[in-house]
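Observations on chain architecture
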Amino acid sequence: MHSNEYPDSRVEKARRLRRGLPNFKLVRYADDWCLMIKGSRADAEALRDEIAGVLATMGLRLSEAKTLITHIDEGMDFLGWRIQRHRKRGTNRHYIYTYPAKKSLKAVMAKVKTLCRQVEVNQPLDDLIRRLNQAVRGWCAYFRPGVSSATFAYLSHYLWQTVWRWLRRKHRRSTWKELRRRYCDGGWWPHGQRELFDPEKLSTTRYLYRGANIPTPWPAT
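Our subject in this report is the structure included herewith. (Residues numbered from 1 in each chain as written. Predicted model: local features only at pLDDT ≥ 70, side-chain atom pairs only at ≥ 80, totals over all residues. Heavy atoms only, no water.)

A closer look at the sheet that holds strand β4 (residues 81-87)
Spatial ordering of the open sheet is given by β3-β4-β5, a layout of three strands whose pairing is antiparallel. Taken across any chain shown, the strands that pair with only one partner, and hence form the sheet edges, are β3 (76-78) and β5 (94-100). Looking at each pair of strands side by side, their axes are set apart by 30° on average, direction ignored. Alignment of β3 against β4, held across three bridges, turns out to be antiparallel. (Pairing = 2+ DSSP bridges. Helix = DSSP H or I, 4+ residues; strand = E, 2+ residues; numbered from the N terminus. Axes fitted to C-alpha atoms, helices over the stretch in contact; angles between N-to-C directions.)

Given below as structure tokens:
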């Protein structure tokens, strides 16, 4: 697309809307990008074809399998996030929410399960906790700037269940009470020399949009 057609100001966007033209915003991270359009599906398809033409001059092409045109109410997965518009519970107002995609959640759960299999039960609990904390804490940090509290709570319960199954295999003849006294100080959350990271206790944050401050490699004129 031509740079002088890019709606990069509120005045230009308003002018385009008055003329019945679509507005759009490009969000990119490395070689992944998403084009958000206020317009029709035909507008989206026209821009897709135009982008394909620009990429062709660089020896690149759009992947048909990874290229999707969708409505925001249907949502999409982007960089591990689910982006979709929902009605806010208890109201008639709709908002766009970003939260961990199901595929991302399944991936970290599979990682937790794998680690609990890789660490033998003859090793101390602290070895397992150290490896789990590294994996889960990093995953949660990535998804912290979003509507992730419900996902974190779900992951916390799964983590607790999986570690407890590991402890039950480690001490097959011990009772729940004995294991809680030994590994939880009488409570329920296990720890060794360090405490198992609890995703549910991690507060979420607002994402600060910085897109306007990221320089583009293409000239403005």
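As for the nonpolar core
If you look at the biggest cluster of nonpolar residues, it comprises 36 residues, and the most contacted ones within it are L125, L132, W139, C140 and L155. Listing elements by their share of this core, those giving two or more residues are β3, β4, α3 (102-118), α4 (125-143), α5 (149-170) and α6 (176-183). With near-sequence residues (within four places) excluded, L125 lies in contact with V163, W166, L167, Y183, P190, H191 and G192. Listed in part, the five residues of the second largest apolar core include L35, L47, I51 and L55. (Core = buried A, V, L, I, M, F, W, Y, C linked by side-chain atoms within 4.5 Å. Buried < 20%, exposed > 50% of the residue type's maximum accessible area, 1.4 Å probe, protein only. Contact = heavy atoms within 4.5 Å.)

Notes on helix α2 (residues 41-56)
Taking 1.5 Å of rise per residue, 16 residues should cover 22 Å, and α2 covers 23 Å from first to last C-alpha, within 8% of that figure. Buried within α2 we find A44, L47, I51 and L55. Seen along its axis, α2 keeps its buried residues to an arc of 80°; they face one direction. Along α2, exposed side chains directed more than 90 degrees from the buried face belong to A42 and A56. Buried residues along α2 sit in contact with β1 (23-29) and β2 (32-38). (Expected span 1.5 Å × (residues − 1). Arc of directions from axis to C-beta.)

Points about the side chain of E12
Along the chain, E12 turns up in helix α1 (residues 10-18). Judged by relative accessible area, which is 14%, E12 ranks as buried. Within the structure, the side chain of E12 is placed 2.7 Å from the side chain of R15, a separation counted as a polar contact. (Polar contact = N/O pair within 3.5 Å; in protein donor to acceptor, adjacent residues only side chain to side chain.)

With respect to the environment of T67
Relative to the elements of secondary structure, T67 occurs in the loop between α2 and β3. Here the alpha-carbon distance between T67 and C34, two residues 33 residues apart in the chain, equals 9.5 Å. Contacts of T67, omitting those with residues within four sequence positions, involve R48 and L62.

Examining the packing of α5 against α6
The angle between the axes and the distance between the axes are what describe a pair of packed helices. In contact at an axis separation of 11 Å, α5 and α6 are set at 110° when each is read in the N-to-C sense. As far as their axial angle goes, α6 and α5 are roughly perpendicular. Side by side, α5 and α6 meet where W164, L167, R168 and K170 of the first sit next to W176, L179, R180 and Y183 of the second. Across the contact of α5 with α6, the residue classes tally to five nonpolar, no polar and three charged. (Parallel < 35°, antiparallel > 145°, perpendicular 65-115°, else oblique. Nonpolar A, V, L, I, M, F, W, Y, C, P; charged D, E, K, R; others polar.)

Quick notes on the side chain of S148
By secondary structure assignment, the location of S148 is in the loop between α4 and α5. Judged by its relative accessible area of 0%, S148 falls in the buried class. At 2.6 Å, the side chain of S148 and the backbone oxygen of F143 are in polar contact. When neighbours within four sequence positions are excluded, S148 is seen to be in contact with W81, P100, F143 and T204.

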